[in-house]
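Residue-level structure breakdown
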Amino acid sequence: MASMPGILSEWPWKPLGSFKYLLLAPWAIHRTYNMVVKDEKDISSFLIFPFLLWRMLHNQIWISLSRYRTAKGSNRIVDKGIEFDQVDRERSWDDQIIFNGLVFYIFVMIVPGTTHLPFWRIDGVILSALLHAGPVEFIYYWFHRALHHHYLYSRYHSHHHSSIATEPITSVIHPFAEHIAYFTLFAIPLLTTVFSGTISIMSYAGYITYIDFMNNMGHCNFELIPKFLFSIFTPLKYFMYTPSFHSLHHTQFRTNYSLFMPFYDYVYETMDKSSDTLYEISLRRPKDSTDVVHLTHLTKPDSIYHLRLGFAYLASKPYTSSNWYLWLMWPITLWTMALTWICGRTFVVESHRFDKLRLQTWAVPKYNVQYFIQKQSESINNLIEEAILEAEDKGVKVISLGLLNQGDELNMYGELYVRKHPCLKIKVVDGTSLAVAVVLNNIPKGTIRVLLTGNLTKVAHAVVLVLCKRQIKVTVTSHDVYEKLKKSVVANSESTNLINSATSYPKVWLVGDGLSEQEQKKAAKGTFFVPFSQFPPKKSRNDCFYHTTPAMVAPSNLENVDSCENWLPRRVMSAWRVAGIVHALEGWKENECGSSSSYSMTNINKVWDATLRHGFKPLMVPTQSNFI
């Protein structure tokens, strides 16, 4: 909100939450009923709802494009990240579309000449363009300057200016009162063409789409207007702004007030003198160099929406598949799956800055289910190998393998690539050492006995070995698992602490993938489940406690954190991802990768101490105090 919120700051339907879309339902149903049942041939008013959907899609395209481009870093304007507070503030970007839709429906009912519109009239399009370039731009300029007066700024416009590094959708983040004023202003061309009888479907839809396009484009934090446009037609710089032009308004506040046409800033001498320079610098800015890459992949089909490039607000919360409206998007989901299957290649998801390091996350366009299909193994390994070699060419120092990208049966925890390319300068990290350290730290203090269950992994082997050395009893219920673990434990003369029992169930369980609901039923009330797997167990007990998968809280100086990593809370990163960052910070020269039989691991205490020293913190849960 603004620093001193004024009247009509809040949107009236804020208490409705996600149900606010129901406000449009009666109107859309009424227009559809009139057209289908009553056979009213008014396609123009029927198209209001589809047009609102187009506006939402148009805005989402800009959001995804902007986030992808800023993650790559090319042509970026402002070197400032976006944090969760900005995502929360800008989550209601669709409120203005709902508001506009309601007003359009009301106008259709009460204003003569707003129904049965022709598809196209050239005179209406020309009139709309002239009215926008004249009165609309002029009035907006002076209204905008008034909003920067301390009285109105503190009560209204400061809410918009809370975003220094803008995203396309920042353009519509204003208090409700401001949107009323803006709608009234933009209604001038629409109402004029209505009363003059020159309005058409295309002049109405085209004008609103033009406003959305220019608004979104101008609030991108990267420069995308090519220089040759201004070279071909020099006066164009007075009639079309650029993202860098408007970015200066968000950083300098008292310059560049114009809407889309800088003309009035030139006339009234409020043009920022560095506008042309910033434009040139932004255009020439190359992609950022990258020090660390974390390689992840898509999980479930709808996980594409939870990526930072997808729905910004969903990405800012831990992953959940319980959002009902995602089921309505299955046609689009299937289309994205087909697209990644056919044309898929690793793509940049997000970027961060930490101390002197530049970090990026890349995603392999494969889903969980594909990693368990034998025929897909070669394709997946090729994609991972291509990513490693691409990172090598770009001078990346460390690449960490996340989720299933480091499967033992897939590529032996990355060992396959190191063997195939022995001259690699980039260090491949599977993160086992830190994951083991985190799991050990998550075990409640004073624990003398644990149960281990689930699929065995490199982390599980190492955890069992350390626990046995610490004289902590490790119980396994499966004889096969017992025999596999015994080989590594016997070699270290700690076999007496490894127990095979199908009846003993301590209150601390170390769990991996494959933990079933039936197994969880055997746990005593108050059992503490500590995952050592990449994926969290499916919780089936309300009387037990579940820790997260191995993860740590990121330091406050890790910049541009505005999305969650899979199912983890805000500003929490998986141990496998943190391991790559710490590896680069410490400048360690060895790879940390390999299968469970011949792996390379960094000293657990060494990596744990280094991680804490760099500001990462253990992730605690409130219930852990019950076991200390």
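Residues numbered from 1 in each chain as written. Predicted model: local features only at pLDDT ≥ 70, side-chain atom pairs only at ≥ 80, totals over all residues. Heavy atoms only, no water.

1. Overview of the overall build of the chain
Basically, it comes down to this: Note on conventions: DSSP H or I runs of at least 4 residues are helices, E runs of at least 2 residues are strands, and numbering of each starts at the N terminus. For every residue, the accessible area (1.4 Å probe, protein chains only) is compared with the maximum for its type, and the residue is labelled buried under 20%, exposed over 50%, or partly exposed between those bounds. Note on contacts: a residue pair qualifies if any of its non-hydrogen atoms lie within 4.5 Å across the two residues. Only the protein chains shown count as covering a residue, and every accessible area follows the Shrake-Rupley method with a 1.4 Å probe.
Of regular secondary structure, the chain possesses 26 helices and 14 strands. The principal-axis extent of the C-alpha atoms belonging to the chain is close to 95 × 55 × 50 Å. Here the chain, with 628 residues, has 56% of them falling under the buried criterion. Sequence separation of at least 24 residues holds for 72% of the intrachain contacts in the chain that already meet a minimum separation of 6. With the model as given, the accessible surface of the chain reaches about 28000 Å², and the carbon-plus-sulfur share is 62%.

2. Digging into the pairing of strand S4 (residues 398-401)
As a reminder of what qualifies: Strand pairing is assigned whenever DSSP identifies at least 2 bridges connecting the two strands.
Neither face of S4 is exposed, since Val398 and Ser400 on one face and Ile399 and Leu401 on the opposite face are all buried. The sheet contact formed by strand S1 (residues 292-297) and S4 spans 4 bridges and is parallel. Residue valine 292 lies in a different strand from S4, and its bridge partner there is valine 398. For S4 and strand S5 (residues 427-429), the ladder comprises 3 bridges, and the chain directions are parallel. Across the sheet, residue isoleucine 399 finds its bridge partner in S5, namely valine 428.

3. Comments concerning the packing of helix H3 (residues 48-72) against helix H5 (residues 95-110)
Under the convention used in this document: In this description, a line fitted to the C-alpha atoms serves as the axis of each element, helices being fitted only across the stretch in contact, and the angle between N-to-C directions of two axes falls anywhere from 0 to 180 degrees. Note on terminology: angles under 35 degrees are roughly parallel, angles over 145 are roughly antiparallel, angles of 65 to 115 are roughly perpendicular, and the others are oblique. Here a crossing is taken to be left-handed if its near helix is turned anticlockwise relative to the far helix by less than a right angle, and right-handed if that turn runs clockwise. We call Asp, Glu, Lys and Arg charged. Ala, Val, Leu, Ile, Met, Phe, Trp, Tyr, Cys and Pro are nonpolar, and the rest, Gly among them, are polar.
For the pair H3 and H5, interaxial distance at closest approach is 10 Å and the crossing angle is 160 degrees. In terms of axis orientation, H3 runs roughly antiparallel to H5. The hand of the H3/H5 crossing is right-handed. Residues Ile48, Phe49, Leu52, Arg55, Met56 and Asn59 of H3 form the contact with H5, whose participating residues are Gln96, Ile97, Asn100, Gly101, Phe104, Tyr105 and Val108. For the contact of H3 with H5, the per-class residue count stands at 8 nonpolar, 4 polar and 1 charged.

4. A word on the sheet that holds strand S2 (residues 347-354)
Spatially, the 5 strands line up as an open sheet ordered S2-S3-S1-S4-S5, and their pairing is mixed. Two strands lie at the open edges of the sheet, namely S2 and S5, each paired on one side alone. Averaged over neighbouring strand pairs, the angle between their axes works out to 20 degrees when direction is ignored. Looking at chain direction, S1 and strand S3 (residues 357-364) are connected through 6 bridges and run parallel. Residue pairing for S3: histidine 297 is matched across the bridge by valine 364. Contacting S1, S3 and S4, helix H18 (residues 377-393) crosses the sheet at an angle of about 160 degrees to S3.

5. Focus: H18
The α-helix advances 3.6 residues per turn, and as a result positions three or four apart in sequence lie on the same side. Defined as follows: Given a helix with a known number of residues, its expected span is that number minus one, times 1.5 Å.
In a regular helix each residue adds 1.5 Å, so 17 residues correspond to 24 Å; H18 covers 24 Å between its end C-alpha atoms and thus fits that length. Restricting attention to buried positions, one finds in H18 the residues Ser377, Ile380, Asn381, Leu383, Ile384, Glu385, Ala387, Ile388 and Ala391. Where H18 ends, the next residue or the one after it, glycine 395, has phi of about 80 degrees, a positive value.

6. Notes on the packing of helix H11 (residues 243-252) against helix H13 (residues 275-284)
With their axes 8 Å apart at the nearest point, H11 and H13 run at an angle of 120 degrees to one another. The angle between H11 and H13 places the two elements in the oblique class. Handedness of the H11/H13 crossing: right-handed. Contact residues: Ser244, Phe245 and Leu248 in H11; Ser275, Leu278, Tyr279 and Ser282 in H13. Residues belonging to the contact of H11 with H13 are distributed by class as follows: 4 nonpolar, 3 polar and no charged.

7. Observations concerning H3
Compared with the 36 Å implied by 1.5 Å per residue over 25 residues, the 37 Å span of H3 between its first and last C-alpha is a close match. Directly beyond the C-terminal end of H3, a positive phi value near 90 degrees is found at glycine 73.

8. Observations regarding the side chain of serine 400
The line we're drawing: Distance and chemistry together define a polar contact, namely a pair of N or O atoms within 3.5 Å, with one atom able to donate a hydrogen and the other to accept it when in protein, and with adjacent residues in sequence counting only for side-chain atoms on both sides.
Within the element layout of this structure, serine 400 appears in strand S4. A polar side-chain atom of serine 400 sits 2.8 Å from a polar atom in the side chain of histidine 294. Beyond its immediate chain neighbours, meaning those up to four positions away, serine 400 contacts Val293, His294, Leu295, Val429, Trp576, Arg577 and Gly580.

9. Some points on the UniProt feature "transmembrane region" (unreviewed entry) in the chain
We apply this condition: UniProt positions are given in the numbering used here, feature names are shortened, and annotations may be inferred rather than shown by experiment.
Summarizing the sequence annotation, UniProt attributes the feature "transmembrane region" (unreviewed entry) to residues 97-119, 180-207 and 324-348 in the numbering used throughout. Helix makes up 61% of residues 97-119 and strand 0%, with an end-to-end C-alpha separation of 22 Å. This span, residues 180-207, is 82% helix and 0% strand, and a straight line between its end C-alpha atoms measures 18 Å.

10. Regarding the nonpolar core
Going by this rule: In this description, a nonpolar core means a group of buried Ala, Val, Leu, Ile, Met, Phe, Trp, Tyr and Cys residues linked to one another through side-chain atoms lying within 4.5 Å.
Counting 57 residues, the largest nonpolar core has Leu434, Leu452, Leu467, Leu510 and Phe616 as the members making the most contacts within it. Ranked by the residues each element gives to this core, the list is headed by helix H22 (residues 458-469), at 8 residues. Within the second largest apolar cluster, 55 residues are counted, among which are Trp93, Leu102, Tyr207 and Met271.

11. As for the environment of arginine 345
Note on placement: arginine 345 falls in the loop between helix H16 (330-343) and S2. Linking arginine 345 and lysine 366, residues 21 residues apart in sequence, is a C-alpha distance of 9.2 Å. With residues near it in sequence (within four places) discarded, arginine 345 still touches Ala363, Pro365, Leu383 and Glu390.

12. Focus: the pairing of strand S6 (residues 449-453)
Put simply, the rule is: Here a crossover is taken to be right-handed if, once the strands point away from the viewer, the path from the first strand over the helix to the second is traced clockwise.
The buried count for S6 comes to 4 of 5 residues, which makes it a mostly enclosed element. In this structure, S6 lies alongside strand S7 (residues 473-476), joined through 4 bridges in parallel fashion. In the strand pairing of S7, valine 450 is matched with valine 474. Crossover handedness for the path S6 to H22 to S7: right-handed. Taken together, the 3 bridges between S6 and strand S9 (residues 508-511) define a ladder with parallel strand orientation. Residue pairing for S9: leucine 451 is matched across the bridge by tryptophan 509.

13. With respect to a nonpolar patch on the surface
Heads up, the condition is: A residue counts toward a patch only above 30% relative accessible area and without a salt bridge, and it is joined to like-charged neighbours within 9 Å or, for Val, Leu, Ile, Met, Phe, Trp and Tyr, to nonpolar neighbours within 5 Å. A pairing counts as a salt bridge when a side-chain nitrogen of Lys or Arg comes within 4 Å of a carboxyl oxygen of Asp or Glu.
A cluster of nonpolar side chains, contributed by Phe119, Trp120, Ile122, Ile126, Leu130 and Met202, occupies part of the molecular surface with about 640 Å² of accessible area. With 3 residues, helix H6 (residues 122-147) is the largest single contributor of residues to the nonpolar patch. Following the sequence through the fold, leucine 130 ends up in helix H6. Using a relative accessible area of 58% as the deciding quantity, one classes leucine 130 as exposed.

14. A closer look at the pattern of salt bridges
As enumerated under the stated definition, the model contains 29 salt bridges in all. Here arginine 419 and glutamate 415 are joined by a salt bridge, their closest N and O atoms 2.5 Å apart. One end of the pair is arginine 419 and the other is glutamate 415, both in helix H20 (residues 415-420) and 4 residues apart, which spans about a single turn. Exposure remark for arginine 419: the relative accessible area of 55% places this residue in the exposed category. Each of the salt bridges in this network shares a partner with another, and the network as a whole consists of Arg76, Asp79, Arg285, Asp288 and Arg358.

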